[in-house]
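Below, each chain spelled out in residue letters.
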Amino acid sequence: RIMRPDDANVAGNVHGGTILKMIEEAGAIISTRHCNSQAGEPCVAALARVERTDFLSPVCIGEVANVSAEITYTSRHSVEVQVNVMSENILTGAKKVTNKATLWYVPLSLQNVNKVLEVPPIQYARKEQEDEGKKRYEEQKLDRLETKQRNGDMIFPVINPEPHTVGYSQSSLIHLVGPSDCTLLGFVHGGVTMKLMDEVAGIVAARHCKTNIVTASVDAINFHEKIKKGSVITVSGRMTFTSNKSMEIEVFVDADPFVDESRERYRAVSAFFTYVSLSKEGKPLPVPQLLTETEDEKRRFEEGKGRYLQTKAKRQAQLQQAARH
Amino acid sequence: RIMRPDDANVAGNVHGGTILKMIEEAGAIISTRHCNSQAGEPCVAALARVERTDFLSPVCIGEVANVSAEITYTSRHSVEVQVNVMSENILTGAKKVTNKATLWYVPLSLQNVNKVLEVPPIQYARKEQEDEGKKRYEEQKLDRLETKQRNGDMIFPVINPEPHTVGYSQSSLIHLVGPSDCTLLGFVHGGVTMKLMDEVAGIVAARHCKTNIVTASVDAINFHEKIKKGSVITVSGRMTFTSNKSMEIEVFVDADPFVDESRERYRAVSAFFTYVSLSKEGKPLPVPQLLTETEDEKRRFEEGKGRYLQTKAKRQAQLQQAARH
Amino acid sequence: RIMRPDDANVAGNVHGGTILKMIEEAGAIISTRHCNSQAGEPCVAALARVERTDFLSPVCIGEVANVSAEITYTSRHSVEVQVNVMSENILTGAKKVTNKATLWYVPLSLQNVNKVLEVPPIQYARKEQEDEGKKRYEEQKLDRLETKQRNGDMIFPVINPEPHTVGYSQSSLIHLVGPSDCTLLGFVHGGVTMKLMDEVAGIVAARHCKTNIVTASVDAINFHEKIKKGSVITVSGRMTFTSNKSMEIEVFVDADPFVDESRERYRAVSAFFTYVSLSKEGKPLPVPQLLTETEDEKRRFEEGKGRYLQTKAKRQAQLQQAARH
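In this text the structure is predicted, and so the values were computed from the model without any measurement. (Residues numbered from 1 in each chain as written. Chains lettered and ligands numbered in written order. Predicted model: local features only at pLDDT ≥ 70, side-chain atom pairs only at ≥ 80, totals over all residues. Heavy atoms only, no water.)

### Here we look at the relation of the copies chain C and chain B
No. 1: Take chain C, turn it by 180°, move it 0.0 Å along the axis, and it overlays chain B with an RMSD of 0.1 Å. Put plainly, the chains are arranged around a two-fold axis. For chain C, the smallest separation between a C-alpha atom and the rotation axis is recorded for R1 of chain C, amounting to 5.0 Å. (Least-squares fit on C-alpha atoms with pLDDT ≥ 70 in both.)

Here it is in structure tokens:
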């Protein structure tokens, strides 16, 4: 679809969250269709996880985003979908790859939302495809368990913070879940949640460096808990790490099903977003260093540095491998 | 209402689809109100058909669109509504007629959506008004039967198409039907469908001629089949004909009620949109000729030429008639 | 226009904020049109103030809202507009008055946004109308000065608050101002701000009483400062007072023009919203009493009680006067 002014920031770059939302919608459609392709209980595919996603090039207002999706692996209860986004300038005809994302969905019964149904198996062209898919499936399963454990963390507000401290840029928003945010099952679309997360992360990044910022990447996101229609969700973000030219922001989503008194507020999702700062000409700018004050902030900074160096090493290994072939 | 940036293209011209959506909403309100004006089963008026509509002058961001609607004919089971749109520049006070559209609605029972109710007759000021309305009613009934027959057609993607061929500009989008897209009966508003159709047709036109384009007219659209909440709709467009200064694009809407296994994907609507290309000063530009390759494409081009010449002849006849009076 | 699911809460009642936004749009159209009706510099009318507004009856999904606006007074530099909203059930034909609102607009030059232009005078049918208008004009001018003074207040977060305390229900959201939120001058529409304020106030009210709540009234709102496109706005709400069946919530709007480094964050608007709690059958429910802890909270509770009793007395005086006639 054509990118509109409301999809973009003041500089005309489309929000990463808008693109994540489109990706998720495409993934939800193809996996729901697949899971209903055999006779049996009707179901809706719910997003369980998005793998780490890089934003390879910014998209601008007036460009057309082409989204294509393909099922690449099925386990007994989950579907792996590969979604590619190409941006096309329809005036010049120029096309660029914007994103390649991998998403995992789980089919939930339309009659009983707590029942996970079986997924019809797909046919693989080659045996290795199935084996590689199985390996990816096992890896993400492990990672999901790990993130579940660090979910207790909270963001506390700071009075009169100094510029470039964590407290200075941290932000949060609340959103009342409306009907358009939800699937047929009455739960929030994963894409809606990701869009709100990107919105908060972007405000944190812009408050820190006071320039035009764009989403560079999103770490793997796990959707541990569904969020029901009518809930209030609080999305909070704080900066955890800065390199010379990038900022890492941790984002939490807490859901408060406040009409349903039987449930307390709970952590639904958390993730790391990486942003870069751009000049008016679209060149990366240096980022002011994050000032850490407490022990926790220093620890998180080091952890963020670890993730940053790991990603950098991985990327260089890929480049070397590509050069060798 | 005031036209906003999201209602318009990059050049500031409001999308034809936005205007079609406003027209349909006005028509739905007035005909639902009329059909419930007598005691009996409550009902909702569903759009059955829009007559050919010309966009007489482009509307810009910041202008106010005034929409007025009037019931002009009632048959036993249908209502004809005439909707006029005036755009008003509230800074200069200038007003222009933008559209005159004729829509047909059918009242469906709120209790049983497959039951068509009877329409309370309206009073005519003069006998001829009733006779002319009846003639229009018979004509559109005939036309609806005809379009139902050419509905089997499909759009297949083309790999590496040449510029200005049909395959080069053809486009499609998918949309998951949400609650705000739907009437009280849980079916998609005709206006929402038309807006998506205009969006796809606009992308096809822009891809073909790489300039700023605006909707010039929409051929009669028949809504054969309702589309249910939760369906996925695929809207596809391909260019069928070009004259020196206009492009005709055929648009198909297919609905896939994919959670409801009892139904296959089906063709819900199809229509022809005509676009013109505008320079930065708003003057019409010449359009690159469409290159037809297959037999089907050549046949469709000839059919499009037929429609183009017929419309041109009709307009000249009207002008001569107007001059004579 | 027809009220959609997205305009309403889970119980189907349309948000007060949606209605305030429609009212403001109607007011902006009629006053911009009036101020440009004489030759001279083109201008856009900006909202300066909304008088106290009661929500006389709730509007539901599927109903049509009819908005009508009339200019009732002009001073040298401001326009008073009276806007009435009627909700109409188009199935039954039943109509109800929903709102009567009074708004004040000021014409700002399109060339120089800091220049207030002169307003063309209107003709009054009777001399008393002009005199009464002048009286209203003087009163609101005085009131605007007063609220400007209590604008320094801030909302501080509370860790682990007890149920029914002020800290327990207080909430805030941030919103990045997009192009569709803005007028031709690039400043946020007053209606957009009021919609966000109602959203926050509604969440505060629902968190306090955990039931379905609806907006009962909004106290006069003064728009002291314009908010520019690209700003981040923080909307915060805290409960100030509860009677047996109503809750008063104070809402602040702070704007942070963070790309424009020359300006600090500033208070743009503040107002009091009153909510009632409704049972599933739409009957008013008793409201849990607000627990005040600090001296400031106790003082604000007493001030809220003062406003409550004053409003109650005024309404009874009106009823007695109406009975006498």
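Still more to cover.
### A word on the interface of chain A and chain C
No. 1: The interface of chain A with chain C comprises 26 residues on the first partner and 27 residues on the second.
No. 2: Buried area between chain A and chain C, both sides added, is near 2,500 Å², and the carbon and sulfur share of it is 68%.
No. 3: Our count for the chain A to chain C interface comes out at two salt bridges.
No. 4: Across the pair R207 of chain A and D256 of chain C runs a salt bridge, and its minimum N-O distance is 3.8 Å.
No. 5: Connecting chain A to chain C are zero residue pairs in polar contact (both at pLDDT 80 or more). (Contact = heavy atoms within 4.5 Å. Buried area = accessible area lost by both parts, 1.4 Å probe. Salt bridge = Lys/Arg side-chain N within 4 Å of Asp/Glu carboxyl O. Polar contact = N/O pair within 3.5 Å; in protein donor to acceptor, adjacent residues only side chain to side chain.)

### What about the pairing of strand β3 (residues 64-74) of chain A?
No. 1: Pairing between β3 of chain A and strand β4 (residues 79-88) of chain A: ten bridges, direction antiparallel. Bridging from a neighbouring strand, A69 of chain A pairs with V83 of chain A of β4 of chain A. (Pairing = 2+ DSSP bridges. Helix = DSSP H or I, 4+ residues; strand = E, 2+ residues; numbered from the N terminus.)

### Examining the domain arrangement of chain A
Residues and elements named next belong to chain A.
No. 1: As far as domains go, chain A holds domain 1 (2-140) and domain 2 (166-320).
No. 2: Here the C-alpha centre of domain 2 lies 20 Å away from the C-alpha centre of domain 1.
No. 3: With 25 residues of domain 1 at the contact, the number on the domain 2 side is 28 residues.
No. 4: Carbon and sulfur atoms supply 61% of the area that domain 1 and domain 2 bury against each other, a total of about 2,200 Å² over both sides.
No. 5: Between D219 and R52 there is a salt bridge whose closest N-O contact spans 2.9 Å.
No. 6: In this structure, the connection of domain 1 to domain 2 is made through eleven residue pairs in polar contact (both at pLDDT 80 or more).
No. 7: Taken together, the elements giving at least two residues each to the side of domain 1 that touches domain 2 come down to α1 (16-35), β1 (43-50), β2 (53-54) and β5 (95-109).
No. 8: In terms of residues, the side of domain 1 that touches domain 2 owes the most to one element, α1, which gives six residues.
No. 9: Across the side of domain 1 that touches domain 2, the residue classes break down as ten nonpolar, nine polar and six charged. (Domains from an automatic or database assignment. Nonpolar A, V, L, I, M, F, W, Y, C, P; charged D, E, K, R; others polar.)

### A closer look at the interface of chain C and chain B
No. 1: In this assembly, 25 residues from chain C lie in contact with 23 residues from chain B.
No. 2: Both sides together, the interface formed by chain C and chain B hides about 2,100 Å², and carbon and sulfur atoms give 62% of it.
No. 3: Of all residues in chain C, I90, L91 and S180 of chain C bury the most surface against chain B, accounting for 28% of the area lost on that side.
No. 4: Where chain C meets chain B, there are two salt bridges.
No. 5: Residues R33 of chain B and E88 of chain C are paired through a salt bridge, measuring 2.5 Å at the closest nitrogen-oxygen approach.

### With respect to the pattern of salt bridges
No. 1: Under the criterion given, the structure shown has 51 salt bridges over all chains.
No. 2: The salt bridge partner of E51 of chain A is R49 of chain A, with a shortest N-O separation of 2.9 Å.
No. 3: Note that E128 of chain B is salt-bridged to R126 of chain B, the shortest N-O span being 2.8 Å.
No. 4: By relative accessible area, E128 of chain B is classed as partly exposed at 42%.
No. 5: In this structure, a network of salt bridges that share partners links the residues R49, E51 and D143 of chain A. (Buried < 20%, exposed > 50% of the residue type's maximum accessible area, 1.4 Å probe, protein only.)

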